[in-house]
Amino acid sequence: MKNTEERIRTIINDAVIKLFSLIADGMNRPSFDSIVKTTQEAMNSVGVRLVEEVVRITDEEYNAKRDIHAVTLRNLKTRKMISGMGELSLTRRLYFNKASQKYFFAADQLLHIEKYSRIERELKAKLIGDATLTSYGKASKLSDNCVSRQTVYNLVKKVPSKSLDVQAKGFKQVQKIYIEADEDHIHLNNGQSAEIKLVYVHEGRRRVNRRRTELMNAKYFVSASKGTQIWDYVSDYLYNQYAVSKAEVHLSGDGAAWIKQGLEVIPKVKYHIDKFHVFESITRATGSDTKLRRQIINCIRTGEREKMKTLYVQRWKGLRSVRQRRRLTDSLTYVYNNFRAIDLTQAYCCSAEGHVSHVLSSRLSSRPMAWSRLGAEKMAKLRAYYFNGGKFDALLSTVIENTKKKYNKFATHEVESVHEIPHGHVVGLDGITDEVSRILRSIVR
């Protein structure tokens, strides 16, 4: 006990002495930047040594209390692990359980250190979070650790897709539910292209300031697959989160066939064409003829469908270019077929184009890059998870079993009080002994 306390005090005192040596000489005092850097390095060094000490103490405590007839000691092994503070060197004893005929590291089991992992869990979460917001290469450099781009990619690849799914948190009654949808187009590494679908559900908009509004309780869903799979996810969320039968449900999009599939999955939904795509289509068709553009828009506002068609036909007759005629025909087809779903009032706005750019394009397609279909879908789901308010450390968290039961399992003892070790948290390692926690608290005091 005394030796343990002395070792911990020595670790902390070494760091303090190193910091005091920086400012001891008033004539040659270093710059503020160098003080910050040295302080960070000293704290990281202290953290690494303390974690290594916790592992050693845990292993020694188990070794002192084990049943030497049931559990035999084999040898010492050192394991290297990268953490946010630096490289850890964890020395533990290897044991053999005669009853189960299995080898095990008691310290690894008691502290829930992931088997075969070379990277500590908190650092894994940081790397995955950085890769979600920037490229794999940049994420590997942000951590200041010896981690390669391929390692970051492998970590992202191993994230369970089910852990990224949106979970309903309660059954709510609201007057209106809004669903907006659009897609992003990406390049695949086989030379082809693909679509990443984005659907988000919210309860309306509220103004944050003069220039900005935000969605209320928005939840994002993404998918790279064809068919109605994404709408199955959306409908499951809707019926678990809201009293859909007592609310008005509005669906907005650009008129794509996959978006209209939502009308079949979600009953009694009112469909609206995104005004952005309507104005874009009309502007492309009319070109510099602003008078014709205003006339077409007025026909849409007043519900005069055939009059609008007549304006398009008159414009078409006056054109000689095949390209201009094709643009006009495409615009007429788009606006005429979706006429009943067009609402140019402010009641039903759609910001799907902006959300696609912000949620998907900024990572998947705004810069030259190529994806595998599975890789693109995984990254899209991570982006949706991030914008849904998810925490990356929760993706890698494991269910912590009762330490007392696990301890008894390895020790094969019947005395419960001897093996009871309370839970704690030290730099990503779950589990800390009473001895260490008491010493650390006394030092802080």
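Participant: Give me the lowdown on the overall build of the protein, citing residues and values where you can.
Facilitator: Along its length, the protein carries 18 helices and 12 strands. Expressed as a percentage of its 445 residues, the buried residues of the protein come to 44%. Counting only contacts in the protein whose residues sit at least 6 apart along the sequence, the fraction spanning at least 24 positions is 63%. Total accessible area on the protein is roughly 25100 Å²; 51% of this is exposed by carbon and sulfur atoms.

Participant: Tell me about unusual backbone geometry, and please be specific about residues and values.
Facilitator: Of note in the backbone geometry, Tyr116 takes a positive phi value of approximately 65° without being a glycine. For Tyr116, the location among the structural elements is in the loop between α3 (106-110) and α4 (121-133). The residue Lys268 is not glycine, and still its phi comes out positive at about 60°. Locating Lys268 in the fold gives a position in the loop between α9 (262-265) and β10 (269-273).

Participant: Pulling in residues and values, what's your account of the sheet that holds strand β3 (residues 102-105)?
Facilitator: Strand order in the open sheet formed by three strands is β1-β2-β3, and the pairing between neighbours is antiparallel. At either margin of the open sheet sits one strand with a lone partner, and together these are β1 (71-82) and β3. For this sheet the average axis-to-axis angle between neighbouring strands, irrespective of direction, equals 25°. This element, helix α2 (residues 32-65), spans β1, β2 (87-97) and β3 of the sheet and lies at about 10° to β2.

Participant: Which residues make up the sheet that holds strand β9 (residues 248-253), and what values go with them?
Facilitator: Reading across the sheet, the five strands line up as β8-β5-β4-β9-β10 and stay open at both edges, with mixed pairing between neighbours. Edge strands, defined here as strands with exactly one partner in the open sheet, are β8 (219-223) and β10. Between one strand axis and the next, the sheet turns through 20° on average, direction left out of account. Pairing of β9 with β10, which is carried by five bridges, proceeds in the parallel orientation. Paired with Val249 across the bridge in β10 is Val269.

Participant: Could you give me a rundown of the environment of Gly354, with the residues and numbers involved?
Facilitator: Here Gly354 shows up in helix α14 (residues 352-364). Take Gly354: its relative accessible area is 46%, and that puts it in the partly exposed class. Placed 172 residues apart in sequence, Gly354 and Asp182 show a C-alpha to C-alpha distance of 9.7 Å.

Participant: Quick one: what's the story with the environment of Gly389, residue by residue and with numbers?
Facilitator: By the element assignment, Gly389 lies in the loop between α15 (373-387) and α16 (392-395). Accessibility expressed as a relative area gives 51% for Gly389, which makes it exposed. Separated by 170 residues in the primary sequence, Gly389 and Lys219 place their C-alpha atoms 9.0 Å from one another.

Participant: Quick one: what's the story with the environment of Lys115, residue by residue and with numbers?
Facilitator: Position of Lys115 among the secondary structure elements: in the loop between α3 and α4. Lys115 sits 10 residues away from Phe105 along the chain, and the two C-alpha atoms are 9.9 Å apart.

Participant: Pulling in residues and values, what's your account of the packing of helix α10 (residues 275-286) against helix α11 (residues 290-302)?
Facilitator: In a pair of packed helices, the angle between the axes and the distance between the axes together describe the arrangement. Contact geometry of α10 with α11 gives a least axis separation of 9 Å together with a crossing angle of 145°. Considering only the axes of α10 and α11, their crossing is right-handed. Residue-level contacts link Val278, Phe279, Ile282, Thr283 and Thr286 of α10 to Leu292, Arg293, Ile296, Ile297 and Ile300 of α11. When grouped by side-chain class, the residues that make up the contact of α10 with α11 number seven nonpolar, two polar and one charged.

Participant: Provide a residue-level description of the nonpolar core, including the pertinent values.
Facilitator: If you look at the biggest cluster of nonpolar residues, it comprises 42 residues, and the most contacted ones within it are Ile179, Val201, Trp231, Leu238, Ile300, Met308 and Tyr312. Dropping the residues within four chain positions of it, Trp231 is found in contact with Ile179, Ala181, Val199, Leu251, Trp258, Ile259, Gln261, Gly262, Val265 and Ile266. Grouped together as the second largest cluster of nonpolar side chains are 41 residues, Ala131, Val156, Ala194 and Cys350 included.

Participant: Explain the pairing of β9 to me, using residue names and the numbers behind them.
Facilitator: Burial of β9 is extensive: five of the six residues sit out of reach of the surface. Here strand β4 (residues 176-187) runs beside β9; their pairing, made up of five bridges, is parallel. Among the inter-strand pairings, Glu180 is bridged to a residue of β9, identified as Ser252.

Participant: Help me get a handle on the packing of aromatic side chains, residues and values and all.
Facilitator: In the structure shown here, the tally under the stated rule is 13 aromatic pairs. On the numbers, 6.2 Å between centres and 85° between planes, the contact of Tyr237 with Tyr242 is edge-to-face. When its relative accessible area of 1% is taken as the criterion, Tyr242 is described as buried. Aromatic rings pair up to connect Tyr200, Tyr220, Tyr385, Tyr386, Phe387 and Phe392 into one cluster. For the cation-ring pair, Lys197 lies above Trp258, with the distance from its terminal atom to the ring centre recorded as 5.8 Å. Lying over the aromatic face of Tyr136, Arg363 brings its terminal NZ or CZ to 5.3 Å of the ring centre.

Participant: Pulling in residues and values, what's your account of the pattern of salt bridges?
Facilitator: Tallying each qualifying case throughout the model produces 14 salt bridges. We note a salt bridge from Lys65 to Glu61, for which the minimum N-O separation is 3.9 Å. Highlighted residues: Lys65 and Glu61, both in helix α2, separated by four residues, approximately one helical turn. Among the residues examined, Lys65 registers a relative accessible area of 28% and is labelled partly exposed.

Participant: Residue-level account of α10, with values.
Facilitator: Compared with the 16 Å implied by 1.5 Å per residue over 12 residues, the 17 Å span of α10 between its first and last C-alpha is a close match. Of the positions making up α10, those classed as buried are Lys275, His277, Val278, Ser281, Ile282, Ala285 and Thr286. Taken end-on, α10 shows its buried residues confined to a sector of 170°, consistent with a single buried face. Lining the buried residues of α10 we find β4, β10, α11, α12 (305-317), α13 (322-337) and α14. The backbone nitrogen of Phe276 has a side-chain oxygen 3.1 Å away, supplied by the residue at the start of α10, namely Asp274.

About the criteria used
Sequence order as written defines residue numbering, which begins from 1 separately in each chain. In view of the model being predicted, local features appear only for residues whose pLDDT reaches at least 70, and side-chain atom pairs are presented and counted only at 80 or more, with totals across whole chains, interfaces and linings using the full set of residues. Computation of side-chain values covers all heavy atoms of the structure but excludes hydrogens and water. The numbering of helices and of strands both runs from the N terminus, where a helix is a DSSP run of H or I of at least 4 residues and a strand a run of E of at least 2. Here's how the labels work: a residue is buried when its accessible area is under 20% of the maximum for its type, exposed when over 50%, partly exposed in between, all with a 1.4 Å probe on protein chains only. Any pair of residues with heavy atoms lying within 4.5 Å of one another is described as a contacting pair. Exposure was quantified through the Shrake-Rupley algorithm and a 1.4 Å probe, taking into account, for residues, occlusion by the shown protein chains and nothing else. At least two bridges found by DSSP between two strands are what make those strands a pair. The axes used here are C-alpha line fits, helices contributing only the stretch in contact, and every angle between their N-to-C directions lies in the interval 0 to 180 degrees. Each crossing gets its hand from how the near helix is turned against the far one by less than a right angle, where anticlockwise is left-handed and clockwise is right-handed. Gly is put with the polar residues, along with every residue not named as nonpolar or charged; the nonpolar set is Ala, Val, Leu, Ile, Met, Phe, Trp, Tyr, Cys and Pro, and the charged set is Asp, Glu, Lys and Arg. As used here, the term nonpolar core means buried Ala, Val, Leu, Ile, Met, Phe, Trp, Tyr and Cys residues forming a set that is joined through side-chain atoms within 4.5 Å. Only rings of Phe, Tyr and Trp enter the pairing, Trp through its six-membered ring, and a pair is recorded when the two centres are within 6.5 Å. The plane angle decides the type: under 30 degrees is stacked, over 60 is edge-to-face, the rest tilted. Note on geometry: a ring has a charge over it if NZ (lysine) or CZ (arginine) is within 6 Å of the ring centre and within 35 degrees of the ring normal. Any carboxyl oxygen of Asp or Glu that lies within 4 Å of a side-chain nitrogen of Lys or Arg is treated as forming a salt bridge with it. A helix's residues, less one, multiplied by 1.5 Å, set its expected span. The directions considered for the arc are those from the helix axis to the C-beta atoms. Polar contact criterion, stated in full: a pair of N or O atoms within 3.5 Å, where within protein one must be able to donate a hydrogen and the other to accept it, and residues adjacent in sequence count only if both atoms are side-chain atoms.

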